[in-house]
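What follows is each chain in one-letter form.
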Amino acid sequence: MKDLNNKVALLTGASSGIGAVIANLLAQEGVTVVGVARSKSGLNNTKSIIENLGGEFHGVPFDISQTSKLSELKVQVTNAVGEVDILINNAGIEEYNYFQDYDLEYIEKITTVNLIAGMELTRQFLPQMLDRGGHIVNICSLAAKKGESFNATYSATKGGLALFTDALRQEVHGTSVGVSAIFPGLVKDVGMYSDSQVKAPLILGTISSNKVAGAVIKAIKKDKPDVIVNSGPLRPLLAINALFPNFGNWFARVTGIFDFCRKRADLGE
Ligand SMILES: NC(=O)c1ccc[n+]([C@@H]2O[C@H](COP(=O)([O-])OP(=O)(O)OC[C@H]3O[C@@H](n4cnc5c(N)ncnc54)[C@H](OP(=O)(O)O)[C@@H]3O)[C@@H](O)[C@H]2O)c1
C-alpha cells in the first residue's frame, strides 16, 4: 500500500503510549484513524493532539478482552467510517513476575488481550480486506524473538502473535493483503517501560516511540514482513541464538538481561 492518504486504519491501544504516537503519524499521512482502548479520556487526548495538527481521529472506547463482542466493534466502526484498509493490533499488557506467582486469571487475561483479540479482529476484518486490499500490522516485541525470563506470559503471547503473523502472511500471499510484524525493543519516552526504575542493559539500549511508529508506516508502505526496531545490533545475535539457544541464555546472563528482568519482577513492574 504505497499511498496511505484517505485510507482508514483501526488501531487498538490508541489511548496512550506507542499507540497514540502511531495514531498521530498515521493521521499525518492522511489516514483516518479509528482508535480503540478502554480509556475515554486517553482517546480524547489522542484525538485533540491529532485534530490540532489537522488530522482525523475517531475514538471508540472498547475493552478488547471481550472477544465475543469484537464483531459488534466491527459493525460500529464500519457504520462510523466505512470499510477498514489497515488493522494495527497494538494494544497490549505485561507484568513481570516469577512464573509460579502468576494466577490463572492473569494468564488468561494477557493471552486474550495480547493474542486472541488481535486474531479475532483479523478474522473479522480480513474478508473485506481480501476483497479490496489492506494491511495488517501486529505489534510484537523482542520478547517474541527470545523469551524473556520473569516475563514468560508476555513472551508466550508475543511469540504466538509473531507466528500467527508469519502463518497468515504465507496464507494470503498473492492477494492484495499485506501482513507485518513489528518487534520493538525497550521504548524510553512513552509506554510500559518508560516508568521503569530499572536501567536497560547496554546491549538492549532503548528506542523512541517515533522510531516504532515510523517502522509501522514503512512496513505498510513497503509490505515488510518482520521489522526489528532496536538500538543495538541484535539481528546476528538472534540468528546465533536460534542455532544455539544455550549460547543465547548464557549471553542474556552475562550481559545483564536476566538481572534486568528479575529486578523488574522484584519491583512488581
Ligand atoms: N513500551 C515498550 O517498551 C514496548 C516494547 C515492545 C513492544 N511493546 C508493545 O507495544 C504495544 C503498546 O505498548 P505501550 O508500551 O504503548 O503500552 P501502554 O502505554 O501500556 O499502552 C497499552 C495500550 O493498550 C490498551 N489496552 C490495554 N488493555 C486493553 C483492553 N483490554 N482493551 C482495549 N485496549 C487495551 C491501553 O488502553 P486502555 O488502558 O485505555 O485500555 C493502551 O492504549 C504493546 O503491544 C506492547 O506489548 C511495547
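On a predicted model such as this, the values are computed, not experimentally measured, just so you know. (Residues numbered from 1 in each chain as written. Predicted model: local features only at pLDDT ≥ 70, side-chain atom pairs only at ≥ 80, totals over all residues. Heavy atoms only, no water.)

**Quick word on the overall build of the protein chain**
- In terms of regular secondary structure, the protein chain is built from nine helices and seven strands.
- A globule of 269 residues ought to have a C-alpha radius of gyration of about 18 Å, and the protein chain, at 18 Å, matches this closely.
- In terms of principal-axis extent, the alpha carbons of the protein chain reach across some 50 × 40 × 35 Å.
- Residue burial in the protein chain is summarised as follows: out of 269 residues, 51% are buried.
- Within the protein chain, counting contacts between residues at least 6 apart in sequence, those at least 24 apart form 71% of the total.
- Surface exposure of the protein chain reaches about 12700 Å², of which carbon and sulfur atoms provide 52%.
- Here the protein chain contributes 26 positively and 26 negatively charged side chains, and the mean placements of these two sets differ by 7 Å. (Helix = DSSP H or I, 4+ residues; strand = E, 2+ residues; numbered from the N terminus. Rg over C-alpha atoms; globule rule 2.2 N^0.38 Å. Buried < 20%, exposed > 50% of the residue type's maximum accessible area, 1.4 Å probe, protein only. Contact = heavy atoms within 4.5 Å. Areas by Shrake-Rupley, 256 points an atom, 1.4 Å probe, with all protein chains shown as cover. Lys, Arg positive; Asp, Glu negative; His and termini not counted. Charge placed at Lys NZ, Arg CZ, Asp CG, Glu CD.)

**Brief notes about the site of the ligand**
- Ile18, Arg38, Asn90, Tyr154 and Lys158 are the nearest of the 30 residues found near the ligand.
- With respect to the ligand, the side chain of Ser15 contributes an N or O atom lying 2.8 Å from an oxygen atom.
- Summarising the interface, the protein chains cover 90% of the accessible area of the ligand, which totals 880 Å² for the free molecule.
- Of all the secondary-structure elements, those providing two or more residues to the shell around the ligand are α1 (17–28) and α5 (152–171).
- A breakdown of the residues in the shell around the ligand according to their chemical character gives 16 nonpolar, eleven polar and three charged. (Near = heavy atom within 4 Å. Polar contact = N/O pair within 3.5 Å; in protein donor to acceptor, adjacent residues only side chain to side chain. Nonpolar A, V, L, I, M, F, W, Y, C, P; charged D, E, K, R; others polar.)

**Notes on the packing of aromatic side chains**
- This structure, assessed with the given rule, holds seven aromatic pairs.
- Note on Tyr98 and Phe150: the rings are 4.9 Å apart at their centroids and 70 degrees apart in plane angle, and the pair reads as edge-to-face. In this pair, Tyr98 sits in the loop between β4 (86–89) and α4 (104–132) while Phe150 sits in the loop between β5 (134–139) and α5, placing the two residues 52 residues apart along the sequence.
- An aromatic cluster of at least three residues, connected via ring pairs, comprises Tyr98, Phe150 and Phe258.
- Positioned above the aromatic ring of Phe183 is the side chain of Lys145, whose terminal nitrogen or guanidinium carbon lies 4.2 Å from the ring centre. (Phe/Tyr/Trp six-rings, centres within 6.5 Å; stacked < 30°, edge-to-face > 60°. Lys NZ or Arg CZ within 6 Å of the ring centre and 35° of its normal.)

**Re the pattern of salt bridges**
- Counted according to the given criterion, the structure contains ten salt bridges.
- The closest approach of N and O atoms between Glu29 and Lys221, which form a salt bridge, is 2.9 Å. You can see Glu29 sitting in the loop between α1 and β2 (32–37) and its partner Lys221 sitting in helix α6 (residues 209–222), a full 192 residues away along the chain.
- A relative accessible area of 28% places Glu29 in the partly exposed class. (Salt bridge = Lys/Arg side-chain N within 4 Å of Asp/Glu carboxyl O.)

**Topic: the pairing of β5**
- When you tally the buried positions in β5, you get six out of six residues, the bulk of the element.
- A two-sided burial pattern is seen for β5, the buried positions comprising Gly134, Ile136 and Asn138 on one face and His135, Val137 and Ile139 on the other.
- With four bridges connecting them, β4 and β5 associate as parallel partners. Each residue of the ladder has a partner; that of Asn89, found in β5, is Asn138.
- Crossover handedness for the path β4 to α4 to β5: right-handed.
- As for the winding sense of the linkage, the β-α-β connection from β5 through α5 to strand β6 (residues 177–184) is right-handed. (Pairing = 2+ DSSP bridges. Right-handed = clockwise from strand over helix to strand, strands pointing away.)

**Describing the pairing of strand β7 (residues 226–229)**
- What you see with β7 is a clean split: Val227 and Val229 sit on the buried side and Asp226 and Ile228 on the side with no burial.
- With four bridges joining them, β6 and β7 adopt parallel strand pairing. Residue pairing across strands places Ala181 opposite Asp226, the latter belonging to β7.
- At this point the chain moves from β6, through α6, to the parallel β7, and the crossover so formed is left-handed.

**Observations concerning a positive patch on the surface**
- Taken together, the side chains of Lys218, Lys222, Lys224 and Arg235 present a region of like positive charge at the surface.
- Mapped onto the elements of the fold, Arg235 is located in helix α7 (residues 234–243).
- Overall, Arg235 belongs to the exposed group, its relative accessible area being 53%. (Patch = residues over 30% accessible without salt bridge, like charges linked within 9 Å, V, L, I, M, F, W, Y side chains within 5 Å.)

**Notes on the nonpolar core**
- The biggest cluster of nonpolar side chains holds 53 residues, and the ones touching the most others in it are Leu10, Ile64, Leu73 and Ile136.
- Of all the secondary structure elements, the ones that give two or more residues to this core are β1 (8–12), β2, α3 (70–81), α4, α5, β6, α7 and α9 (257–266).
- With nine residues, α4 is the largest single contributor of residues to this core.
- The contact partners of Leu10, leaving out residues within four places of it in the chain, are Val34, Val36, Val77, Val84, Ile86, Leu87, Ile88, Leu121 and Phe125.
- Formed by 32 residues, the second largest nonpolar core is a distinct cluster that contains Leu11, Val31, Leu43 and Ala213. (Core = buried A, V, L, I, M, F, W, Y, C linked by side-chain atoms within 4.5 Å.)

Everything listed is a geometric property; what it means functionally is a separate question.
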